[in-house]
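Observations on chain architecture
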Amino acid sequence: MSRGKIKFTEGSIEDRLEQALVPDWEQPYKVPLNWCWTTLAHVAQWGSGGTPSRISTHYYSGSIPWVKTGELQDDYIYKTEENLTEEALLNSSAKLFPVNTVIIAMYGATIGKTGILGIKSTTNQACACAICTNAVLHKYLFYFARSAKEAFIKKAKGGAQPNISQEIIKAHEIPLPPLAEQQRIVDRIESLFTKLDEAKEKLQEVVDGFETRKSAILHKAFTGELTTQWREEHGIVLESWKTFIFDDCVEKMQNGLAKRSGNKGNPFVVLRLANLTEDGFSTEDLRQILLDRNEQESYSLRKNDVVMIRVNGSKDNVGRQLIIEEDANWAFCDHLIRIRYKEDVVLPLFMVYFSKSSDYSLYIKDNMVSSAGQNTISRKGLIDLQVPVPSIEEQKEVLNIIQNTFANEQQVKETSEEVLEKIDLIKKSILARAFRGELGTNDPCEESAIELLRSILSTTPEKEAEKIRRLAVSIPNEILKELSNELQKEIVRLYFKKDVKTLAMDDIMAVSSKKFDLLESLRVLEQKGLVKRQNNGNYTLLR
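Rules of the game
Residues numbered from 1 in each chain as written. Predicted model: local features only at pLDDT ≥ 70, side-chain atom pairs only at ≥ 80, totals over all residues. Heavy atoms only, no water. Core = buried A, V, L, I, M, F, W, Y, C linked by side-chain atoms within 4.5 Å. Buried < 20%, exposed > 50% of the residue type's maximum accessible area, 1.4 Å probe, protein only. Helix = DSSP H or I, 4+ residues; strand = E, 2+ residues; numbered from the N terminus. Contact = heavy atoms within 4.5 Å. Salt bridge = Lys/Arg side-chain N within 4 Å of Asp/Glu carboxyl O. Pairing = 2+ DSSP bridges. Axes fitted to C-alpha atoms, helices over the stretch in contact; angles between N-to-C directions. 1 Å grid on protein atoms, 1.4 Å probe; cavity = no way out; pocket = protein on both sides within 12 Å on 5 of 7 lines; lining within 4 Å. Points joined across faces, edges and corners; volume = space filled by probe spheres on them. Nonpolar A, V, L, I, M, F, W, Y, C, P; charged D, E, K, R; others polar. Phe/Tyr/Trp six-rings, centres within 6.5 Å; stacked < 30°, edge-to-face > 60°.

**Comments concerning the nonpolar core**
Membership of the largest hydrophobic core comes to 52 residues, with the highest contact counts inside it found for Leu40, Leu141, Ile169, Ile189 and Phe435. For this core, the element with the most residues is helix α6 (residues 179-208), which contributes 7 residues. Dropping the residues within four chain positions of it, Leu141 is found in contact with Leu40, Ala44, Val102, Ala130, Cys132, Val136 and Ile174. Counting 36 residues, the second largest nonpolar core, distinct from the first, contains Val306, Tyr341, Phe350 and Tyr363.

See below:
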């Protein structure tokens, strides 16, 4: 008999136990002596959901949560993207699962993703849903399922969109410790994960704050704050800084080549917008066209030339400046402007960093011209831009501090990103060790988990069937159509959930904290002839 299915046979408990235990030679790895190996089928009741017809759009206008595999994020689920009506449940294979149901995705790109219900919810058919027996804690099963993701993916079958079935999941082996050890394992995992998440949050703040810190450094650079100590050491005051208009800093500005091809001359690289990146020039896709000697001389770029984006669909890119660090046999297209600064007034690299400052960016956005989805800044548009200019020596010091500080920030960012990548690997390692009994939590004196499994296997089929029956609690359609609000539905649903005809007033009042609304709903249900109040105060369902 397959160990992937629970079957209640005429055999003894020991026969069932033998069928449930994984033989030594099939066990994936060794575990502590008071643990045992069984399959997922023997520690939970499994089911799946369904998708009500999309043609009946009103099925999706209810208040019953409906989980899809895309919403599984290896965490608790408290809210769903879509909600179903009672009618949708009646007319589909969707069913309501209780809180703490563990979910494993079975289809396509989401295979092996997990979730755990923090609310009562239905699911689609791509979700394998596990309601734990008394043999396993729901969080223990949840974390084990997370650890088994890669194993589930390897077992998937199919071509372009491989799937796993419930039978594959149910036949998957699980190491089963005593219940007390399961709880200790969960506690240790969550303690370690909490510390890792706290570290991750702080590291992410470092990464996310990278651009903000760079902006702050640039602000200090072009207000003189960055070189305060340097001026004190050299007997220079902040008042030595001057303000120039942009035009006074420029020796020559020239728009680039408008031609896209040539019929004479020699092949020559012409820089395009695609070649300008945040970090510099990209040489992966350089284009060449034929240029004659005059064009080459007119449009060539030399060391310390600055290239500025003149026109672009993105406002954030307009005005961006990059420096040519070495002589290059490159020309530039008409989306760009070549700037040659007066180097006795401003250093070209000083201006490139100034172009990264917030003051420069705000000026460009205020003075660009937008038309037909394109944004343009011209020399005329730059004419009123004010540039804070210290001496050439102080400009060199500004550049030195900026470059060193940026290099340090970049190193911190990269280190943080490396550690962030390792945190997920550390979590995988913790889970792998947890289910091998290697977290230092096991008590070898505790009763073997085999006894735990034996007690579950002694449960009668009738009790298991009753547990499954309680999953799908729905209201018959002939009653449902008479209910006008969710509170009335909750009251009626309670009769079907408990499978009784009469409910005590205390049970009904526990449905909601809104006592006045409950009493009003009961009054309406009585008027509709759905329930009747008995002399002892209990209420009987009449249909």
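**Side note on the pattern of salt bridges**
For the structure shown, the criterion picks out 28 salt bridges. Measuring nitrogen to oxygen at the nearest pair gives 3.6 Å for the salt bridge that ties Lys396 to Glu393. With Lys396 and Glu393 both in helix α13 (residues 392-434), this residue pair falls 3 residues apart, about one helical turn. Residue class for Lys396 comes out partly exposed when judged on its relative accessible area of 44%. Taking relative accessible area as the criterion, Glu393 reaches 48% and is therefore assigned partly exposed.

**With respect to the pairing of strand β3 (residues 64-67)**
Along β3, one buried face is formed by Ile64 and Trp66 and the opposite face, lined by Pro65 and Val67, is buried too. Sheet topology note: the β3/strand β5 (residues 82-84) ladder contains 3 bridges and is antiparallel. Opposite Ile64, over in β5, you have Leu84 as the bridge partner. Where β3 lies against strand β8 (residues 122-123), 2 bridges are found, and the strand directions are parallel. Across the sheet, residue Trp66 finds its bridge partner in β8, namely Thr122.

**Some details on the pairing of strand β1 (residues 36-39)**
Because side chains alternate across β1, one face comprises the buried residues Cys36 and Thr38, and the other comprises Trp37 and Thr39, equally buried. Bridging between β1 and strand β10 (residues 173-176) involves 4 bridges; their strand directions are antiparallel. Each residue of the ladder has a partner; that of Cys36, found in β10, is Leu176.

**Here we look at the sheet that holds strand β2 (residues 44-48)**
Backbone hydrogen bonds are what pair the strands of a sheet, in a parallel or an antiparallel way. Read from one edge to the other, the open sheet built from 5 strands follows the order β2-β9-β6-β7-β4, with strand pairing classed as mixed. The open sheet has two free edges, formed respectively by β2 and β4 (75-77), since each of these has just one partner strand. Strand-to-strand, the axes of this sheet are offset by a mean angle of 30°, without reference to chain direction. Its contacts with the sheet place helix α3 (residues 138-147) against β2, β4, β6 (102-105), β7 (114-117) and β9 (127-132), and it is angled at close to 165° to β7.

**Let's talk about the layout of surface pockets**
Roughly 1100 Å³ of volume is contained in the largest pocket. Lining the largest pocket are 34 residues, with Lys214, Glu278, Asp279, Arg320 and Lys356 positioned closest to its centre. When contributions to the lining of the largest pocket are tallied by element, the ones reaching two or more residues are α7 (210-221), β15 (280-281), β19 (321-323), α11 (348-354), α12 (358-367) and α13. Among the residues making up the lining of the largest pocket, the classes are represented as 13 nonpolar, 10 polar and 11 charged. Each pocket or cavity is described by its volume, and for the second largest pocket that value is around 860 Å³. What lines the second largest pocket is a set of 34 residues, among which Tyr143, Arg146, Ser147, Ala148 and Leu431 lie closest to the centre. Every element with two or more residues in the lining of the second largest pocket is listed here: β4, β7, α3, α4 (149-154), β10, α6 and α13. If one sorts the elements of the lining of the second largest pocket by residue count, α3 sits on top with 6 residues. By residue class, the composition of the lining of the second largest pocket is 15 nonpolar, 5 polar and 14 charged.

**Some remarks on the packing of aromatic side chains**
As enumerated under the stated definition, the model contains 14 aromatic pairs in all. Residues Tyr76 and Tyr78 carry aromatic rings whose centres are separated by 5.8 Å and whose planes lie at 20° to one another, so their mutual orientation is stacked. For Tyr76, a relative accessible area of 26% translates into the label partly exposed. When its relative accessible area of 56% is taken as the criterion, Tyr78 is described as exposed.

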